[in-house]
Amino acid sequence: MKKVLVLVAAAVGAAYARRKVEQQRSEKDLHAATSRMGTSGSSAGSAGGAWAAATDRPS
């Protein structure tokens, strides 16, 4: 019985951790998108390039 409870607790903890990581990633992406919208001119292109280089994502 204890083993089952430990497995259930581990599964719940893993699901919670995964949800928190996804939430933080979403907040990071949202922050990056809003900060790019706030810039204009050539700095917007360089900021997008820096973001893409840092995350390996195309801008």
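Notes on the structure follow. (Residues numbered from 1 in each chain as written. Predicted model: local features only at pLDDT ≥ 70, side-chain atom pairs only at ≥ 80, totals over all residues. Heavy atoms only, no water.)

## Looking at the overall build of the chain
Move 1: Scanning the chain from N- to C-terminus turns up two helices and zero strands.
Move 2: Taken across its 59 residues, the chain has 7% of its residues classed as buried.
Move 3: Total accessible area on the chain is roughly 4,900 Å²; 63% of this is exposed by carbon and sulfur atoms. (Helix = DSSP H or I, 4+ residues; strand = E, 2+ residues; numbered from the N terminus. Buried < 20%, exposed > 50% of the residue type's maximum accessible area, 1.4 Å probe, protein only. Areas by Shrake-Rupley, 256 points an atom, 1.4 Å probe, with all protein chains shown as cover.)

## A short note on the pattern of salt bridges
Move 1: Under the criterion given, the structure shown has one salt bridge.
Move 2: Note that Glu22 and Arg25 form a salt bridge whose closest N and O atoms lie 3.0 Å from each other. Placement of both Glu22 and Arg25 in helix α1 (residues 2-38) is noted, with a separation of three residues, approximately one turn of the helix. (Salt bridge = Lys/Arg side-chain N within 4 Å of Asp/Glu carboxyl O.)

## Description of a nonpolar patch on the surface
Move 1: A contiguous nonpolar patch, built from Val4, Val8 and Val12 and spanning about 260 Å² of accessible area, is present on the exposed surface.
Move 2: Inspection of the secondary structure assignment puts Val12 in helix α1. (Patch = residues over 30% accessible without salt bridge, like charges linked within 9 Å, V, L, I, M, F, W, Y side chains within 5 Å.)

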